[in-house]
Amino acid sequence: MSELARLRQKVSDGLGLPAPAADIADKTVRLAEEEHASDARAVALYVAVSLSVGAFTAALIALAVPYAVTAALACFFGAVLVGVLFYALFGKSFPIAGTLPADYSDVRLRQTQNRSLIAEMQESMGDIVVIRNMNRRIVEANRVFREMTGCTAPEGMSCEEIGIAFRPGDKVHAYDVEIATPFGQRIFSWHDVVTRDLASSRLMISSIARDVTEERLALAEREDARLRAEKADAEKARLLATVSHEIRLPLSGMLGMNHLLSQTKLNQEQRNYLDGMKQSGQSLVQLVEDLLDYSTMEAGRFRLNPRAENLRRLIESIVEMLAHRAHEKGIEIASFVTPDVPDYLDFDPARLRQVLFNLIGNAVKFTQVGGVVIRARMVDGELQITVEDTGPGMSEAELARIFGEFEQAGPLSQRSAGTGLGLAISARIVREFGGNLTVSSRRGEGSTFKLVFRPGAAPAETPDSGRSHCLQHTNVLLIAPQGVAAAVTVEAIEAFGGKCILIHQPEDLDRLRSGPAGQTADLTDIIVDLRISALFRDALRDWPQQTIRRTLLVSPEERASTTHASFDAWLIRPLREKSLIDVLCGRLRGIERRDAINDNHPDVGFSSRVVEGVSGIEILVAEDDAVNARIIRAVLEKSGYIVRTVDNFQALLQSVASGEPRLPNLIISDLNMPGGEGLDVLPDLLGTLKEEGNIPVIILSGDAGAGTTEILLKAGAGAVLTKPADPRRLVEEIRRLLEAKRLLSS
């Protein structure tokens, strides 16, 4: 026996416990080997005696012993052989008296001691122990059972007769048991096991139960707390949705009236007042959006909706929207996406737009001198976007708390312009993307925010799309003021395979022309920024190579008042990648055109192409707020549409009922109006319109949640716009849906 086995045996003997299973198995094997050895010895003895008798008999016959003597000896030895055979076969069936009863008594003693020890432990822990027969009558019960039930002699009774109520549990033979104890109603976790009694060999039901009253009460309290929390979250969500709707309603009126007033003839002072009103209204809209996003994230209902999207267009559109704000402050703004970034990547464009708009908007807000640059590139399959500014920078203390909720940096005069939730929400969105948002900054040197995540369709090695060498035959002279815009333009031209020389002063041009002839001989393009074009007008007029393409670089605010006819093409700051490449490749001449939605010029109204061919088109507007209805009517009538209005769901349903002689070409409906719940009424209406008249529907909603928008779009809505809806966006959506309807009908 090993040292460990001997130690285990000593501990077992001292506690009165049965031998471990391993020792029992060893003992069983050893006994079997001994029995096998004894059987082999008996058989060997029988064979040896048989051979001896056979040899002796053969010797007698050989010595010619008389037959009678030989027969007598044969009978005698035959009887001996039969006895030896019986002994070999059945001798082990007669054990030595007293051996087995001693082992049996020892096992019974150990089992009794074990049961006593376990019973003492269970009673000290307050556990109930009951043994019942197969008729469920109690045979034996411990002291705890008698105390808890108040029954001093439970033998022969069933648990139900004593008053114990069983409730099925999650497992077989497991129950929750309620017992009316002297200490009050208690709950026990009851477990049954079928065993065999050693003394009588009868099957018995052994039960053990433990008091779990406190655990069950705590579980019930936790469940109740969870239900209360869910109810509170639902009520908070309803409150926020209601408040959001009630705030968006007057906001729509304010911004809508502001837009209509901006279309009238105003002097510069009046236009400045309108711009201030518009900025205040947009700040309030952003406040509502931040609070709703924060509430959604806190409730754990935030979800991403990734799809394939063009990152270049998304970044350029955000930069163009914020360019007017930057140019008003006298700072520059530019963006550059490296050629290795694929055309389409999988991400949530709405959420990425929200993050970038916040980062770039903050950079523009806090930067007073210099500019803001946005760069995007691929690094080991990850998309890296940086927003750099030349603003005041941040201290170490501000950096430590910049991503906290309701935290702001910068001077107090600028802190009041926001809630301090923008960066906290942006950081959470980027974490949902599976990436991270970091910042580096030094006081007086500006800040750099870096956004890194892995898009869904980002390959490990991005193929070359041809951008890196599309300008390989281009040599550009860029005449522009010092700043981030000129630096980014040079960086872009060189990244696309071209060459670029940047100059800022007329003296730089004189040195260039007086230098080696090769520097200017192979020039293909000259790009001149309007801000310093007057300084170079005479020098450019006398330029010897008149075949060089000349491009004027203007801001959106400058293009309407610029009449320079000596240029082959005009580009608008901030530059678009496609426009820059098209101009330098000779594919674009004249002034660059930009769509109305992304146009950042403040005085531009609806483009003429929106109002072409709309004569006779009738639009039904369902809006219960009189101010918003008046704004929508004015916007649509200015665009050439015929407008009819209703102010509740019943009137809307009657206007499109079957048999109505005059159906509208398109419907614009508010989500919340008298006469029913919008999410109940509108899906049914959308299904009817799709089957009968194919009438497109635009829904205006104060609920910016993705769930509401998804429900309405699945039901058949052509578009869902969040209030306050941008009038330009509304007209563009109308035109898109009417064009799709025309193509479908043709």
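What you are looking at is a predicted structure, and each value in this text was computed from that prediction instead of being measured.

## Remarks on the overall build of the protein
And then number 1: Looking only at helices and strands, one finds 25 helices and 24 strands in the protein.
And then number 2: For the protein, buried positions account for 40% of its 746 residues.
And then number 3: Across the protein, contacts joining residues at least 24 apart in sequence account for 63% of those joining residues at least 6 apart.
And then number 4: In the form shown here, the protein has an accessible surface area of approximately 40300 Å², with 57% of it arising from carbon and sulfur atoms.

## Focus: the sheet that holds strand S21 (residues 642–646)
And then number 1: The strand order across the open sheet formed by five strands is S21-S20-S22-S23-S24, and the pairing between neighbours is parallel. This sheet does not close on itself; its edge strands, each paired only once, are S21 and strand S24 (719–722). If you compare each strand with its neighbour and ignore which way they point, the axes differ by 20° on average.
And then number 2: With four bridges connecting them, strand S23 (residues 697–701) and S24 associate as parallel partners. Its bridge partner being in S24, Ser701 is matched across the sheet by Thr722.

## As for helix H10 (residues 349–366)
And then number 1: In this model H10 runs 25 Å from its N-terminal to its C-terminal C-alpha over 18 residues, within 8% of the 26 Å that 1.5 Å per residue would give.
And then number 2: Those residues of H10 that fall on the buried side of the exposure criterion are Pro349, Arg351, Leu352, Val355, Leu356, Asn358, Leu359, Ile360, Gly361, Ala363 and Val364.
And then number 3: The opening residue of H10 is Asp348, an N-cap whose side-chain oxygen sits 3.2 Å from the backbone nitrogen of Ala350.

## Overview of the pattern of salt bridges
And then number 1: Applying the stated criterion to the full structure yields 36 salt bridges.
And then number 2: The shortest N-O distance in the salt bridge between Arg186 and Glu214 comes to 2.9 Å. Here the residue Arg186 occupies a position in strand S5 (residues 184–196), and Glu214 occupies one in helix H7 (residues 213–262), the gap between them amounting to 28 residues.
And then number 3: Overlapping salt bridges bring together Arg312, Asp343, Arg467 and Glu577 as one network.

## A short note on the packing of H10 against helix H13 (residues 422–432)
And then number 1: Contact pair H10 / H13: the axes reach a minimum separation of 10 Å and the direction vectors enclose 140°. As H10 packs across H13, the resulting crossing turns out to be left-handed. Across from Arg351, Gln354, Val355, Asn358, Leu359 and Asn362 in H10, the residues of H13 making contact are Gly422, Leu423, Ile425, Ser426, Ile429 and Val430.
And then number 2: A class-by-class count of the residues in the contact of H10 with H13 yields six nonpolar, five polar and one charged.

## What to know about the sheet that holds strand S3 (residues 165–168)
And then number 1: With antiparallel pairing, the six strands of this open sheet are ordered in space as S2-S1-S6-S5-S4-S3. Two strands in the sheet have a free side with no partner beyond their single neighbour: strand S2 (138–141) and S3. Put simply, the sheet's adjacent strands are angled 30° from each other on average, direction ignored.
And then number 2: Strand direction decides the pairing type here: strand S1 (residues 128–133) and strand S6 (residues 203–211), joined by six bridges, are antiparallel. Bridge pairing in S6 places Arg132 opposite Ile205.

How each quantity is defined
- Residues numbered from 1 in each chain as written.
- Predicted model: local features only at pLDDT ≥ 70, side-chain atom pairs only at ≥ 80, totals over all residues.
- Heavy atoms only, no water.
- Helix = DSSP H or I, 4+ residues; strand = E, 2+ residues; numbered from the N terminus.
- Buried < 20%, exposed > 50% of the residue type's maximum accessible area, 1.4 Å probe, protein only.
- Contact = heavy atoms within 4.5 Å.
- Areas by Shrake-Rupley, 256 points an atom, 1.4 Å probe, with all protein chains shown as cover.
- Pairing = 2+ DSSP bridges.
- Axes fitted to C-alpha atoms, helices over the stretch in contact; angles between N-to-C directions.
- Expected span 1.5 Å × (residues − 1).
- Polar contact = N/O pair within 3.5 Å; in protein donor to acceptor, adjacent residues only side chain to side chain.
- Salt bridge = Lys/Arg side-chain N within 4 Å of Asp/Glu carboxyl O.
- Left-handed = near helix turned anticlockwise from the far one by under 90°.
- Nonpolar A, V, L, I, M, F, W, Y, C, P; charged D, E, K, R; others polar.

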